[in-house]
Each structure stands twice: as structure tokens, then as C-alpha cells.
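The lines below spell out each chain.
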Number of protein chains: 2
Amino acid sequence: MKLYSYYRSSCSYRVRIALALKEIDYDYVAINLLDGDQASAHYREINPLKLVPALELAPGEVIGQSLALCEWLEETHPEPPLYPTAPLERARVRAMVTTVCSEIQPLCNMGVNNYLVSQHDATTESIQRWQAHWMERGFVAVESALAESGTEFCFGSTPGMGDIFLVPQVYNARRFKVSLDAYPNIQRVVDACNKHPAFSTAAPEQQPDYPG
Amino acid sequence: MKLYSYYRSSCSYRVRIALALKEIDYDYVAINLLDGDQASAHYREINPLKLVPALELAPGEVIGQSLALCEWLEETHPEPPLYPTAPLERARVRAMVTTVCSEIQPLCNMGVNNYLVSQHDATTESIQRWQAHWMERGFVAVESALAESGTEFCFGSTPGMGDIFLVPQVYNARRFKVSLDAYPNIQRVVDACNKHPAFSTAAPEQQPDYPG
């Protein structure tokens, strides 16, 4: 398998954690989003959506979108499981995952920042407020879910899908200097994750395209 | 089961379609987002996230987030199936679903519009351009997936998860006068869906809180 990834893309980071938890080997292909590699003719043939991550299983067999990819990994490589067994518990994990991937990340990324700058005269300060506003709305929901679960990782004593989505989002929050002081459970769980070897391996600074 | 819903919320609309396809009876509880019902003390006890939809299975057993809800329905009420059987095909459906629920809807909704108006001096025209920009980016990806599948519904001869997410997004696009001329496959599939009884039942104008 080949993973097309950018070290700092939080969606790529999610898939790297899932692959590491499942102990799946893959080739890393760096796509530099700042240089526009994602829009090159070569990459558009692999992923017409011009997005990372993408997982190439064989020539022409490509899966895009990190959530679809993580669900595919769980279905095809069930050990260790990333979801609990009971449907209601699975729904609680997926609700938290959706908070990150539908309420925070889509609003807090380079494409949206660029549009705000070009079309809405956004400044460094207003972008900072924008990021903080949407991250905080989502983190309040995640914090409440984690306070209720009260486990070492998001939803249990081993890392799973919630942790896979939370850790890259918190990495982004720190990058954009969004305070995490109001979210002790988020900080506690992310600290536990970052001590786990799968999360260390998947971290941005461990990737071949990390500028160092 | 009780479904907390707002007739015009595209995320509520998704769950209404899924419930109708599964032929599951439920009580409809209207939450008027314009009146702020979602932030009332009563509703916050049911869903602390202050969002619709939410499905109440029993007092205290509530599932929020439409994607988590649809996956839960599929796991607990498997007939008729909303996904194909093969993992790679399921991944293709989930990638399309994610395009709608992580790349279009989160950017094109009332909360984001309100923030743009209050913090970025957005006008009716700039909001219209904003909506068109993000909807078009997502629709190009969906159109390409549907052109490849070439089936009556998004991914097969019966409606499934792709259709559940596509139809409410197209309803929103029409509401905001975003042109669909460039997307013949999207138009064709949505026309087929709208002739299906589950989709008619779930339509905004059929809900008890439709202002008429």
C-alpha cells in the first residue's frame, strides 16, 4: 500500500495513526500542499479530488477521505478493534468523531483560511479568532463526552477511533495557539495517546517530509 | 423513538430519509432553530450539544450527529441495506458521504453565515458566493463519483447512504440558488430519489413544523 500524505495535514495524521495501530506497513509518498503537489497532473490521476490522504491499494484502486479510509481499515483489518462492540457505544464514538471531522476540521484548515483572506479581508488576528471560535465549540462537546466516559483513552482502556481523530485536532489547536485550559479531559487523553508508540510513529515530526 | 428535528435542517432531513427507508416509526418533535429552541434548558437536557437531529431511544439514551445516527440505524436495522457488501465499495460510498458531511455542509449553514456577517462584514452577496464556492468544490467531487458509478441511485439500483446525504445537500443548494447545471449526474440521481416514497415522506414540506 502507498499512503499519499503531508506531514502536517491532520487528515493524513489520522490515517497514519490508524495504520500504526493496525500494524500495517506502507510506503509513504509525500504530497507537499504548500507547493501545490496535490494539484499536479500526476497526483490528479491518482486522486482526482486533489486531497490528502489517499491510500493506493493497487494501481487504480485508491481510497480517499480519512473517515472512509479508517472505516475501511477497521472492516478489512479488524484487529485490534477501533470501535467498541455494542451499537449504542459505537454510535457515541462516531458522534465524537463526527464532531471533529464535521464541525471543527472543515472550518479550520488552509483552504478556508485562504478564502477568508482573499474574499473577506481576514487578518492574522481574525483568522486566529475564527479558528478559536470553531475549535472551542467542538472541544466543549468532546470534553463533555470524555468527562462522561472517564476512561484512559477516549472510550476505553485501549486507543480507538475517537483518539485517532482527537490527537491531530489537538495538534492543530496547539499550532494555532488555541488554549486547551478549559478541557482537562481532552489534555489527559491526548497525553496518554502521545505516550503510545502508534501515536509517536504517526506524529508529524516523525514523517519523511517533516522539514526538521 | 423520538426524533428531534427541524424541517429545513439538512442533517435532520438525512436521518428522516434513513428512518423512512428502514420503515421505522417514530414521534416527530420539532425544534425551531430560528426561535433558539435548541438552546432551551429542556432541550439541553436531551442533547447538551444543542444540535438537531437527535434520536431518543429511551429517557437518557440519545444519539446525536446524523452520520453516527445513520450508521447506528444500519447496524441495528440492517434491512434494507444502505451500503454495498464489499469493503472497497463501502469505502467509495463513505468517501462520497464524507465529501458532503465534511466538505460542504459544515461550511454552508446558518451558524457559519451568522459568524461571517457578525465578524467579517459579510453581505447577502458575499454569503451567496461563499455558499456557491464550497458547494461547487464538493459537487465536482460527487459528480465525478456518480459519473463513474453510472447507476440509477448514487451507488446501485436501490437508494443508500450516498443518496441520504446527497438529496438534502441539493435541497440546500436550490434554496441558496447555487446552479446545478454542471452536474447532470447529481440532478439525475436526485430526480430518481425524489420519486421514491421514502424521500417524499422525509421532505421538508411534509414535516409537521413546515410553515406551510
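Residues numbered from 1 in each chain as written. Chains lettered and ligands numbered in written order. Predicted model: local features only at pLDDT ≥ 70, side-chain atom pairs only at ≥ 80, totals over all residues. Heavy atoms only, no water.

Trainee: Which parts of the structure should I look at to understand the interface of chain B and chain A?
Mentor: Quoted interface sizes are often the accessible area lost when the parts come together. On the side of chain A, 42 residues touch chain B, which itself brings 42 residues to the contact. Between chain B and chain A, a total of about 3,500 Å² is buried, with carbon and sulfur atoms accounting for 63% of that surface. We note a salt bridge from Glu75(A) to Arg90(B), for which the minimum N-O separation is 2.9 Å. Summed over the shared surface of chain B and chain A, the number is ten residue pairs in polar contact (both at pLDDT 80 or more). Counting residues per element, the side of chain B that touches chain A draws most heavily on helix α4 (residues 87–104) of chain B, at twelve residues. Here the residues of the side of chain B that touches chain A are counted per class, giving 22 nonpolar, twelve polar and eight charged. (Contact = heavy atoms within 4.5 Å. Buried area = accessible area lost by both parts, 1.4 Å probe. Salt bridge = Lys/Arg side-chain N within 4 Å of Asp/Glu carboxyl O. Polar contact = N/O pair within 3.5 Å; in protein donor to acceptor, adjacent residues only side chain to side chain. Helix = DSSP H or I, 4+ residues; strand = E, 2+ residues; numbered from the N terminus. Nonpolar A, V, L, I, M, F, W, Y, C, P; charged D, E, K, R; others polar.)

Trainee: It is not clear to me how the UniProt feature "domain: GST N-terminal" (unreviewed entry) in chain A should be interpreted in this structure. Could you clarify?
Mentor: Residues given the UniProt feature "domain: GST N-terminal" (unreviewed entry) here are residues 1–81 of chain A. When the span residues 1–81 of chain A is considered, its composition is 36% helix and 21% strand, and the gap between its end C-alpha atoms is 20 Å. (UniProt positions renumbered as here; feature names shortened; annotations may be inferred.)

Trainee: Is there a simple way to think about α4(B) in this case?
Mentor: Owing to its 3.6 residues per turn, the α-helix brings residues three or four apart onto one side. All names here are of chain B. Spanning 18 residues, α4 covers 25 Å between terminal C-alpha atoms, matching the ideal 26 Å at 1.5 Å per step. Its axis deflected by about 25 degrees at Thr-98, α4 carries its strongest bend there. Among the 18 residues of α4, 15 are classified as buried, and the element is accordingly described as predominantly covered. (Expected span 1.5 Å × (residues − 1). Bend = angle between axes of the 7 residues up to and from the residue. Buried < 20%, exposed > 50% of the residue type's maximum accessible area, 1.4 Å probe, protein only.)

Trainee: I'm lost on the sheet that holds strand β3 (residues 54–58) of chain B in this one. Help?
Mentor: Reading across the sheet, the four strands line up as β2-β1-β3-β4 (chain B) and stay open at both edges, with mixed pairing between neighbours. Each edge of the open sheet is held by one strand with a lone partner, namely β2 (27–30) and β4 (61–64) of chain B. Taking each pair of neighbouring strands and ignoring which way they run, the sheet shows an average axis angle of 25 degrees. With four bridges connecting them, strand β1 (residues 2–5) of chain B and β2(B) associate as parallel partners. Within the sheet, the bridge partner assigned to Leu3(B) lies in β2(B) and is Tyr28(B). Lying over the sheet, helix α4 (residues 87–104) of chain A contacts β3 and β4 of chain B, oriented at roughly 40 degrees with respect to β4(B). (Pairing = 2+ DSSP bridges. Axes fitted to C-alpha atoms, helices over the stretch in contact; angles between N-to-C directions.)

Trainee: Would you mind showing me how to read the sheet that holds strand β1 (residues 2–5) of chain A here?
Mentor: All names here are of chain A. The four strands are arranged β2-β1-β3-β4 in an open sheet whose pairing can be described as mixed. In this open sheet, the two edge strands, each paired with only one partner strand, are β2 (27–30) and β4 (61–64). On average, each strand axis in the sheet is tilted by 25 degrees relative to the strand beside it, whichever way the strands run. Here three bridges tie β1 to strand β3 (residues 54–58), and the two strands are oriented antiparallel to one another. Bridge pairing in β3 places Tyr-4 opposite Ala-54. Across the sheet, helix α1 (residues 10–21) touches β1, β2 and β3, and the angle it forms with β1 is around 150 degrees. Packing of helix α3 (residues 66–76) onto the sheet brings it into contact with β3 and β4, and relative to β4 it is tilted by some 115 degrees.

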